[in-house]
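A structural walkthrough
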Amino acid sequence: FLLKKKGGCMKKLAFGNMKKFKTTLEPVIGLVPSIWCFLIKHIVPPVLIILFINLTTTKTADGKPTFGNYGGYPNGPYQILGIILFVIVLVIFVAGLFFPDIFAALDTHDIGEASALKEANEVAKENKVDPVEVVEAKVVEAEVVEDPKASVEEEK
């Protein structure tokens, strides 16, 4: 009943970002089947989790757990290195859950805005105008994007 309501939040939660992702991919790679989007979001993650749990709980022929005793390789250095790397990744992930600001240096979202502002300040100094006017002019330029279909029709 939640899926059939107009503007139902369950439908938006379950399928909203899949449609957005699909429309983002299609201009780049061509047709993306809707079933692929559904599988990638709702089927593949649980299957991967089940496979990982299955791998970590299975036993070798000697009765030892497979996790940490894979393929009969010696414990040093291969098994130890593999487990250490897994623990490092797990610590980084958990740290990000509790302290998300530690990854702020990796966020490039503001870098483009900061460099645009720096460029606007330089142009404003050269032309002796207000930096806000330069930024507004750049925004107007960015909004005026030619439609490739319109330019093809004009050529005909």
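As the structure is a computational prediction, the values presented were derived from the model and not from experiment.

Before going further, it helps to spend a moment on the pattern of salt bridges. With the rule as written, the count across this model stands at one salt bridge. A salt bridge links Glu26 to Lys22; its shortest N-O distance comes to 3.7 Å. Linking Glu26 with Lys22, this pair stays in helix H1 (residues 9-29), spanning four residues, or about one helical turn.

Considering the arrangement of structural elements, one finds Ala95 in helix H3 (residues 75-98). Using a relative accessible area of 23% as the deciding quantity, one classes Ala95 as partly exposed. Apart from residues no more than four positions distant in its own chain, Ala95 is found in contact with Pro100 and Ile102.

The next point concerns the confidence of the model for the protein. Averaged over all residues, the pLDDT of the protein is 76; the fraction at 70 or higher stands at 72%. Mean pLDDT across the elements of the protein bottoms out in helix H6 (residues 148-155) (51) and peaks in helix H2 (residues 34-57) (90).

Contact geometry for H1 and H2: axes closest at 10 Å, N-to-C directions at 125°. By the angle between their axes, H1 is oblique relative to H2. Read as a crossing pair, H1 and H2 show a hand that is right-handed. Residues Leu13, Ala14, Phe15, Asn17, Met18, Phe21, Lys22 and Leu25 of H1 pack against Ser34, Trp36, Cys37, Phe38, Lys41 and His42 of H2. Its residues assigned to classes, the contact of H1 with H2 comprises nine nonpolar, three polar and two charged.

Attention now moves to the packing of aromatic side chains. Counted under the stated rule, the structure contains two aromatic pairs. Here Phe21 and Trp36 contribute two aromatic rings whose centre-to-centre distance is 6.2 Å and whose plane-to-plane angle is 20°, an arrangement assigned as stacked. Residue Phe21 is located in helix H1, and its partner Trp36 is located in helix H2; the two are separated by 15 residues in the primary sequence. For Phe21, a relative accessible area of 41% translates into the label partly exposed.

Criteria and thresholds
Residues numbered from 1 in each chain as written. Predicted model: local features only at pLDDT ≥ 70, side-chain atom pairs only at ≥ 80, totals over all residues. Heavy atoms only, no water. Salt bridge = Lys/Arg side-chain N within 4 Å of Asp/Glu carboxyl O. Helix = DSSP H or I, 4+ residues; strand = E, 2+ residues; numbered from the N terminus. Buried < 20%, exposed > 50% of the residue type's maximum accessible area, 1.4 Å probe, protein only. Contact = heavy atoms within 4.5 Å. pLDDT = per-residue confidence, 0-100. Axes fitted to C-alpha atoms, helices over the stretch in contact; angles between N-to-C directions. Parallel < 35°, antiparallel > 145°, perpendicular 65-115°, else oblique. Left-handed = near helix turned anticlockwise from the far one by under 90°. Nonpolar A, V, L, I, M, F, W, Y, C, P; charged D, E, K, R; others polar. Phe/Tyr/Trp six-rings, centres within 6.5 Å; stacked < 30°, edge-to-face > 60°.

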